Amino acid sequence: MRNPRDFLKPLANGAPAPLLDVPATPSRMIHFFDPSNEKMAAKVPDIAQKADVVLGNLEDGVPADRKEAARAGLVSIANSLDPSATLWTRVNSLESPWVLDDITAAVLEAGDKIDVIMLPKVEGPWDIHYADRLIAQLEAKAGLDRPILIHAILETALGMANVEEIASASPRMQGISLGPADLAASRRMKTTRVGGGHPGYRVIDDPDPANPEAPRATAQQDPWHYTLARMVDACTATGILPYYGPYGDIKDVDGCEAQFRAAFLLGCVGTWSLHPVQIGIAKKVFSPDPDEVAFAKKVIEAIPDGRGVHMIDGKMQDDATWKQAQVMVTLARSLAERDPELAEAYGL
Ligand SMILES: CC(=O)SCCNC(=O)CCNC(=O)[C@H](O)C(C)(C)COP(=O)(O)OP(=O)(O)OC[C@H]1O[C@@H](n2cnc3c(N)ncnc32)[C@H](O)[C@@H]1OP(=O)(O)O
Ligand SMILES: O=CC(=O)O
Ligand SMILES: [Mg+2]
């Protein structure tokens, strides 16, 4: 049991007070880079002008002999990046030999520049409680005046079983991303991919009794549907934000767009981009379609108080569709405030 009156008190003397609400700044794409890779790191200042969030990755993808260089690179980039950029980091997992130094360096040496620490392989609320207290102690030591938030990656079967408790573990929680590669391994799924579908995971029409030899229509299904839908509910129910995650087939831009769109339609606010080409895909998908926004505006204008039943363009609209229209227009407005091109496309 935790005393609810203590929920918004800092976990260490001198640490900043927790936030009541997750900041609603756009995070349609969290662009990953390896801070130990000089070529990639050199591109970050430019990429930070295009991507909503840039993330210095210290975990998987960074070889063991470059973990320290990646940590040092993160601190150096944090302290030289344009302050208008939004910087996150992904630290190594909690059982690794690097994570204590990762979190310590991120908070003590760049804590005023890093908004969110992404924690991989979170298995239950105990992992969040550990990181929560540690970050509070370090924030107090660094004299920070705003809390650094935690973003969990959902990538083990146990984490999946505890997703609601993870989402509600602390007011420091910002959101959760799906980690389809590690989750597939943890679940013993028989795949060798980073996210996306699989040609073997499909449904097929029944045979035609009149013509049993005729070809049967078949279609690939989304193996992440259950996971994403449950994650979206856990996040939304607790006031934090849900994200898709990585799509590893960089050259398959259509597959990437389809996977991102499925996540967007289910309620995710953003995704990861692993390669510069995925930034544009994420921007296109996670910014609502101008035609949908125009229809949503029409619904709101036609039903200013959101009540009753109405026919608009041949479709029944009532209190519930009015709320959907509000979701669409609120998102469009928040993006339009920062992006003149979208403001024009949405007429906002
Ligand atoms: C399951 C998980 O945990 S996913 C998260 C961990 N993985 C990652 O973060 C992967 C990040 N991305 C990458 O490492 C790379 O994009 C790769 C390995 C997938 C592909 O890299 P490449 O084969 O070099 O791609 P490509 O040749 O198209 O790159 C073109 C340019 O973009 C740069 N680039 C590629 N990815 C990135 C990136 N994420 N950020 C910045 N620059 C990048 C390359 O350095 C290259 O630069 P150059 O033109 O100066 O030589
Ligand atoms: O970390 C991401 C994953 O898919 O695993
Ligand atoms: Mg992973």
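Residues numbered from 1 in each chain as written. Chains lettered and ligands numbered in written order. Predicted model: local features only at pLDDT ≥ 70, side-chain atom pairs only at ≥ 80, totals over all residues. Heavy atoms only, no water.

J.: I'd love a proper account of the coordination of the magnesium ion (ligand 3), names of residues and values included.
T.: All of the protein donors around the magnesium ion (ligand 3) are E155 (OE) and D182 (OD); their distances to the metal are 2.1 Å. Note that E155 is positioned in the loop between strand 5 (149-154) and helix 5 (157-161) and D182 in helix 7 (residues 180-187), a separation of 27 residues in sequence. For D182, a relative accessible area of 25% corresponds to the partly exposed category. (Donors = N, O, S within 2.8 Å, 3.2 Å for Na, K, Ca; no water. Helix = DSSP H or I, 4+ residues; strand = E, 2+ residues; numbered from the N terminus. Buried < 20%, exposed > 50% of the residue type's maximum accessible area, 1.4 Å probe, protein only.)

J.: Explain the pairing of strand 2 (residues 53-57) to me, using residue names and the numbers behind them.
T.: Most of strand 2 is tucked away: five of the five residues are buried. Note: strand 1 (residues 29-33) against strand 2, four bridges, orientation parallel. Its bridge partner lying in strand 2, I30 is registered against V53. This β-α-β element, strand 1 to helix 1 (residues 38-50) to strand 2, shows right-handed connectivity. With four bridges joining them, strand 2 and strand 3 (residues 87-90) adopt parallel strand pairing. Directly across from V54, in strand 3, lies its bridge partner L87. The handedness of the strand 2 to strand 3 crossover, carried by helix 2 (residues 67-80), is right-handed. (Pairing = 2+ DSSP bridges. Right-handed = clockwise from strand over helix to strand, strands pointing away.)

J.: Explain the UniProt feature "domain: HpcH/HpaI aldolase/citrate lyase" (unreviewed entry) in the protein chain to me, and be specific about the residues and the numbers.
T.: Within this structure's numbering, the places UniProt gives as "domain: HpcH/HpaI aldolase/citrate lyase" (unreviewed entry) are residues 29-270. Along residues 29-270, the helical share is 42% and the strand share 17%, with 5 Å between the first and last C-alpha atoms. (UniProt positions renumbered as here; feature names shortened; annotations may be inferred.)

J.: Quick rundown of the site of ligand 2? Include the residues and the values.
T.: Around ligand 2 sit R90, E155, G179, P180, A181, D182, P246 and W272, and that is every residue in its neighbourhood. Between ligand 2 and E155, the relevant distance is 2.9 Å, taken from an oxygen atom to a side-chain nitrogen or oxygen of the residue. Within the backbone of D182, a nitrogen or oxygen atom sits 2.8 Å from an oxygen atom of ligand 2. For ligand 2, whose accessible area on its own is 190 Å², the fraction buried by protein is 93%. Class assignment of the residues belonging to the shell around ligand 2 gives a composition of four nonpolar, one polar and three charged. (Near = heavy atom within 4 Å. Polar contact = N/O pair within 3.5 Å; in protein donor to acceptor, adjacent residues only side chain to side chain. Areas by Shrake-Rupley, 256 points an atom, 1.4 Å probe, with all protein chains shown as cover. Nonpolar A, V, L, I, M, F, W, Y, C, P; charged D, E, K, R; others polar.)

J.: Can you tell me about the site of ligand 1, naming the residues and giving the values?
T.: Around ligand 1, a shell composed of 14 residues is seen, among which H31, F32, K43, L274 and H275 lie nearest. The contact in question runs from an oxygen atom of ligand 1 to an N or O atom on the side chain of K39, over 2.9 Å. Bound to the protein, ligand 1 loses 60% of the 960 Å² it would expose on its own. Residue contributions to the shell around ligand 1 peak at four residues, all from helix 1.

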